[in-house]
Amino acid sequence: MNQEPVLLPYGDPAFLADPFPLYRQLREDGPVRRAVIAGGLDAWLVTRYEDGLAALSDPRLSSDVRDASDPRLMEQLPAFERESMTSNMLRTDPPDHTRLRRLVSKAFTARRVAELQPRIQEITDRLLDAVAPVGRAELIADFALPLPVTVISELLGVPVDDRHDFQRWTDDMLMRGAERPDPGAMNEAWQHMHTYVTGLLENKRARPGDDLLSALINARDEEQRLNEDELIAMVFLLLVAGYVTTVNLIGSGIAALLAHPDQLRLLRDNPELLPTAVEEFLRYDGPVSPGIARFAREDVEIAGTTVPRGATVLIASAIADRDPARFPAPDRLDVTRPDNGHLAFGHGIHYCLGAPLARLEGRTAIGTVLRRLPGLALAVPPAELTWRPGGLRGPMRLPVTFSPVGDTG
């Protein structure tokens with residue numbers, strides 16, 4: 001197998017708009033490929049579904065970036081990730097991960113998520129009330145962005161008067177609207193957010209409410225509880241998992257439907273298909289691309305290739321989720337697709353804790369858009385859409401037109 005590293009051209013708008021021809025070539029070339037990824041870093045891509053599934057459960061592959069041999073990985077992390085390294089559930093392994101996840105799971109229950117449905121629908125309708133009579137919108141800024149950030153703000157118990165600053169700092173930290181990262185702006189936003197969240201935790205301890213942050217503060221397991229650093233790290237993890245990825249799920253899902261009018265009509269006429277449709281959006285063009293990073297604790301053989309100790313292993317869910325050995329006609333969008341066991345939310349002990357919330361928001365948002373905005377169409381040629389660079393994938397803007405309608409939420 002040719003192990004000359006292939007460059008993933010993140011600076012090429014054509015690649016960002018449609019990376020899947022190159023992804024398909026990489027998968028066909030072999031199950032494990034060396035590549036140069038964002039930031040000029042070297043990684044080993046796991047490109048096929050069964051190998052990716054196994055790798056996500058392999059204890060020899062660590063989630064802790066400190067196991068990586070390339071010091072640039074740590075240097076390129078934003079400050080809020082470096083400073084919460086030992087407290088971030090996403091970046092830890094057992095036994096620390098086991099304890100953190102158990103405590104957080106006690107607060108972030110399926111019942112708590114299910115109880116959010118009426119409020120998510122209310123927020124969705126309010127946002128669409130503002131654009132429905134106009135007949136045109138920019139669905140990222142006007143809808144896909146404010147919906148999850150409002151939900152996560154309410155879930156954490158952020159006061160209404162603070163939410164504008166909260167969203168602005170979050171945007172700057174995660175560079176949501178930027179085509180190039182600005183480390184200075186990211187770190188400044190992190191300092192503002194860290195100070196704010198520290199104060200919010202003090203207020204919640206003094207005056208607990210019926211919100212997730214209060215529940216996290218009170219979560220106990222055999223007298224263990226989350227410490228201050230772990231609580232702050234959990235807030236930032238929820239921002240990434242519960243905010244940016246959900247924006248991308250909604251934006252990419254609607255963009256996929258607009259590119260496939262037959263599937264849009266089918267889903268609009270059969271809203272009971274929404275649960276399977278959301279799974280298909282996650283498989284077809286998921287919010288993380290090319291995939292999920294792990295770091296080899298020792299030399300690891302994957303699909304016949306020895307990956308050296310300290311190497312970055314990128315389990316390329318965006319490539320594996322179009323593996324024809326697992327998904328028939330994988331390049332076809334099919335909102336009725338059965339048995340859709342995609343890897344967009346990961347697998348194993350690090351399976352995304354916020355997956356039920358993302359699914360609920362995706363179903364509610366996309367279903368309501370189809371119901372309330374008849375004649376939905378792109379307002380620009382598809383080639384004019386711009387897509388996020390780097391490891392999170394989704395349209396940065398989604399201008400649309402539709403038939404103006406009254407406030408019928």
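Our structure's up above, just so we're on the same page.
Overview of the structure.

**Side note on the sheet that holds strand β13 (residues 399-401)**
Pairing in this open sheet of 3 strands is antiparallel, and the strands run β5-β13-β12 from one edge to the other. The sheet is open, and its two borders are formed by β5 (136-138) and β12 (377-378), each paired with just one other strand. Pairing between β12 and β13: 2 bridges, direction antiparallel. Pairing of Ala-377 across the sheet is with Thr-401, part of β13.

**What about the nonpolar core?**
Ranked by size, the top nonpolar core spans 114 residues in total, and within it Leu-8, Phe-108, Phe-143, Leu-147, Leu-216, Ile-254 and Phe-281 carry the most contacts. The biggest single contributor to this core is helix α14 (residues 228-259), with 18 residues. The residues touching Leu-8, leaving out its near neighbours within four places in the chain, are Phe-15, Leu-22, Leu-26, Ala-35, Val-36, Ile-37, Leu-45 and Pro-290.

**Some remarks on the pattern of salt bridges**
If the charged atoms of two oppositely charged side chains come close together, the side chains can form a pair. Scanning the entire structure with this criterion turns up 25 salt bridges. Across the pair Asp-64 and Arg-66 runs a salt bridge whose closest N-O atoms are separated by 2.6 Å. Take Asp-64: its relative accessible area is 12%, and that puts it in the buried class. Where Arg-371 meets Asp-125, a salt bridge forms, and the shortest distance between an N and an O atom there is 4.0 Å. With a gap of 246 residues between them, Arg-371 in helix α18 (residues 355-372) and Asp-125 in helix α8 (residues 117-131) connect regions that are remote in the sequence. Using a relative accessible area of 11% as the deciding quantity, one classes Asp-125 as buried. Connected via shared salt-bridge partners are Arg-119, Glu-122, Glu-154 and Arg-163.

**Brief notes about helix α16 (residues 274-284)**
When you tally the buried positions in α16, you get 9 out of 11 residues, the bulk of the element. Taken together, the buried positions of α16 are occupied by Leu-274, Ala-277, Val-278, Glu-279, Glu-280, Phe-281, Leu-282, Arg-283 and Tyr-284.

**Considerations on the pairing of strand β11 (residues 312-315)**
Of the two faces of β11, the one carrying Thr-312 and Leu-314 and the one carrying Val-313 and Ile-315 are both buried. In the sheet, strand β3 (residues 42-46) pairs with β11 via 3 bridges, with the strands oriented parallel. Residue pairing for β11: Trp-44 is matched across the bridge by Val-313. Direction of pairing for strand β8 (residues 292-296) relative to β11: antiparallel, over a ladder of 4 bridges. Among the inter-strand pairings, Phe-295 is bridged to a residue of β11, identified as Thr-312.

**Describing helix α2 (residues 20-29)**
Restricting attention to buried positions, one finds in α2 the residues Phe-20, Leu-22, Tyr-23, Leu-26 and Arg-27. All buried residues of α2 fall inside an arc of 155° around its axis, so they share one side. Lining the buried residues of α2 we find β1 (6-7), α1 (13-17), β2 (32-36), β3, α16 and α17 (317-320).

**Description of the side chain of Asp-321**
Mapped onto the elements, Asp-321 comes out in the loop between α17 and α18. One polar contact links the side chain of Asp-321 to the main-chain amide nitrogen of Leu-343, over a distance of 2.9 Å. Once residues within four sequence positions are removed from consideration, Asp-321 is found in contact with Tyr-49, Leu-282, Arg-283, Phe-327, His-342, Leu-343 and Ala-344.

**Quick word on the packing of aromatic side chains**
Counted according to the given criterion, the structure contains 7 aromatic pairs. Their ring planes at 55° and their centres at 5.9 Å tell us that Trp-169 and Tyr-196 sit as a pair that is tilted. Remark: Tyr-196 occurs in helix α12 (residues 183-206) and Trp-169 occurs in helix α11 (residues 163-174); sequence separation between them is 27 residues. Take Tyr-196: its relative accessible area is 16%, and that puts it in the buried class. Arranged with centres 6.3 Å apart and planes meeting at 75°, the rings of Phe-345 and Tyr-351 form a pair that is edge-to-face. Accessibility expressed as a relative area gives 10% for Phe-345, which makes it buried. The class for Tyr-351 is partly exposed, based on a relative accessible area of 29%.

Calculation notes
- Residues numbered from 1 in each chain as written.
- Predicted model: local features only at pLDDT ≥ 70, side-chain atom pairs only at ≥ 80, totals over all residues.
- Heavy atoms only, no water.
- Pairing = 2+ DSSP bridges.
- Helix = DSSP H or I, 4+ residues; strand = E, 2+ residues; numbered from the N terminus.
- Core = buried A, V, L, I, M, F, W, Y, C linked by side-chain atoms within 4.5 Å.
- Buried < 20%, exposed > 50% of the residue type's maximum accessible area, 1.4 Å probe, protein only.
- Contact = heavy atoms within 4.5 Å.
- Salt bridge = Lys/Arg side-chain N within 4 Å of Asp/Glu carboxyl O.
- Arc of directions from axis to C-beta.
- Polar contact = N/O pair within 3.5 Å; in protein donor to acceptor, adjacent residues only side chain to side chain.
- Phe/Tyr/Trp six-rings, centres within 6.5 Å; stacked < 30°, edge-to-face > 60°.

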